[in-house]
Amino acid sequence: PSLLIGVGLLLLGLAAFIVLPKPAATTESEDEISAIPVAVEFPVPELSMSDLQNNPVSLEDYRGMVVLVNNWATWCPPCKAEMPTFEAFYQEHKEKGFTIVAIEAGQPQAEVAEFVNSYKLSFPIWLDPQSKALDTFRNQRLPSSYLVDRDGTVRLTWIGAISRQMMDEYITPYLEE
């Protein structure tokens, strides 16, 4: 009898998994999964390093712009998945004072440059061989992203890949301020 009850509960759970809809908090459509942002409010941390061309760069250089800071890695599948979306959004909104600062977490410069060329990325790419950005934002998960408003306040944070729908819904309003 207990074996039959166990099998029955297992079948009931399987049926519920198949029949019940996926949670809206994780998907917009069957083929586009996205992290949902969390509202935060703290000053953008001081962060300086080098870009892909070995030029010194700092988040302070972007004061007055809306900036999506993205911690990522060339080997990270969700990071790779969001890059074409980031490039398209950047191209459409850069004239409104928007940029993406994509901080690569530790791969050699030549490997990062090859990745950037293969994905045809045109937004700023920074190199982070010592995981300085991950430490500064106190988050070691990849990808992780932070929306900084024009006044230098971090307003939203994402852990995981961001879909175009989430960018349109959550970033676009900051571009219209």
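Refer to the structure printed above.
Small disclaimer: the values here were computed from a predicted structure and weren't measured.

Calculation criteria
- Residues numbered from 1 in each chain as written.
- Predicted model: local features only at pLDDT ≥ 70, side-chain atom pairs only at ≥ 80, totals over all residues.
- Heavy atoms only, no water.
- Helix = DSSP H or I, 4+ residues; strand = E, 2+ residues; numbered from the N terminus.
- Buried < 20%, exposed > 50% of the residue type's maximum accessible area, 1.4 Å probe, protein only.
- Contact = heavy atoms within 4.5 Å.
- Polar contact = N/O pair within 3.5 Å; in protein donor to acceptor, adjacent residues only side chain to side chain.
- Salt bridge = Lys/Arg side-chain N within 4 Å of Asp/Glu carboxyl O.
- Pairing = 2+ DSSP bridges.
- Disulfide = S-S within 2.5 Å.

A. Main features of the overall build of the protein chain. Broken down by element type, the protein chain carries six helices and ten strands. Within the span of the protein chain, comprising 177 residues, buried residues form 44% of the whole. In the protein chain, of all internal contacts separated by at least 6 residues, the share reaching a separation of at least 24 is 72%.

B. A look at the side chain of S34. Within the secondary structure layout, S34 lies in the loop between strand 2 (32–33) and strand 3 (38–43). Looking at S34, its side chain comes within polar contact range of the main-chain nitrogen of S163, at 3.0 Å.

C. Fine view of the pattern of salt bridges. Counted according to the given criterion, the structure contains five salt bridges. A salt bridge links E60 to R63; the shortest N-O distance between them is 3.1 Å. Residue classification places R63 among the partly exposed positions, given a relative accessible area of 45%. Among the ionic pairs, R155 bridges to D149, the shortest N-O distance being 2.7 Å. Among the charged side chains, a salt-bridge network with shared partners connects E41, D149 and R155.

D. Quick look at the pairing of strand 4 (residues 48–51). Pairing between strand 4 and strand 5 (residues 56–58): three bridges, direction antiparallel. Within the sheet, the bridge partner assigned to S48 lies in strand 5 and is S58. The loop that links strand 4 with its antiparallel partner strand 5 comprises four residues; one of these, N54, has a positive phi angle of about 70°. Relative to strand 8 (residues 125–127), strand 4 runs antiparallel, the two being bridged by two bridges. Residue pairing across strands places D51 opposite W126, the latter belonging to strand 8.

E. Broad picture of the state of the cysteines. The final tally for this structure, using the stated rule, is one disulfide. With a sulfur-sulfur separation of 2.4 Å, C76 is cross-linked through a disulfide to C79. Across the S-S bond linking C76 and C79, the dihedral sits near 75°, which makes this disulfide right-handed. Using a relative accessible area of 0% as the deciding quantity, one classes C79 as buried.

So far we have only geometry, and geometry alone does not tell us how the molecule works.
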